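Okay, here's what each chain looks like letter by letter:
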Amino acid sequence: MSETTNTPPDRLSVDPDSSFYNETLLDRGIGVRFKGQEKTNVEEYCISEGWVRVAVGKTLDRRGKPMAMKIKGPVEVWFKDAK
């Protein structure tokens with residue numbers, strides 16, 4: 001996928017260890033709306049499967065990564081720098 005397009009990817013993660021991580025796209029700024037409400041604590045999303053993984057407080061798992069829960073529903077994504 002070209003980074004110059006205004007169509008966000010179907011799936012994206014903020015975890016550098018994930019195969020869905022893309023630093024260039026994250027630097028552009030991604031907005032996520034889940035069930036009509038904008039979310040700022042999204043760790044990963046998938047538009048086609050209709051889910052987001054959100055951080056749960058400041059709790060860390062045994063590997064030192066934020067605890068997250070996967071919730072299902074309609075997901076809308078956009079680039080914040082898009083005009």
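Everything discussed here concerns the structure shown above.
Residues numbered from 1 in each chain as written. Predicted model: local features only at pLDDT ≥ 70, side-chain atom pairs only at ≥ 80, totals over all residues. Heavy atoms only, no water.

Draft legend 1. Structural detail: the pattern of salt bridges. This model, assessed by the stated rule, comprises 6 salt bridges. The shortest N-O distance in the salt bridge between Asp-15 and Lys-65 comes to 3.0 Å. One end of the pair, Asp-15, is in the loop between strand S1 (11-13) and helix H1 (23-28); the other, Lys-65, is in the loop between strand S5 (51-60) and strand S6 (66-72), and 50 residues separate them in sequence. Take Asp-15: its relative accessible area is 24%, and that puts it in the partly exposed class. We classify Lys-65 as partly exposed; its relative accessible area is 28%. (Salt bridge = Lys/Arg side-chain N within 4 Å of Asp/Glu carboxyl O. Helix = DSSP H or I, 4+ residues; strand = E, 2+ residues; numbered from the N terminus. Buried < 20%, exposed > 50% of the residue type's maximum accessible area, 1.4 Å probe, protein only.)

Draft legend 2. Highlighting the sheet that holds S1. Reading across from one edge, S1-S4-S5-S6 is the order of the 4 strands in this open sheet, with antiparallel pairing throughout. Sheet topology places S1 and S6 at the edges, where each strand pairs with a single neighbour. Across the sheet, the mean angle from the axis of one strand to that of its neighbour is 20°, orientation sign disregarded. Pairing geometry for S5 and S6, over 6 bridges, is antiparallel. Along S6, the bridge assignment pairs Val-52 with Ile-71. (Pairing = 2+ DSSP bridges. Axes fitted to C-alpha atoms, helices over the stretch in contact; angles between N-to-C directions.)

Draft legend 3. Just the pairing of strand S7 (residues 75-79), in detail. Covered by surrounding structure in S7 are Val-75, Val-77 and Phe-79 only, the residues Glu-76 and Trp-78 on the alternate face being uncovered. Note that strand S2 (residues 30-34) and S7 share 5 bridges and pair antiparallel. Within S7, the position partnered with Gly-31 by the bridge is Trp-78.

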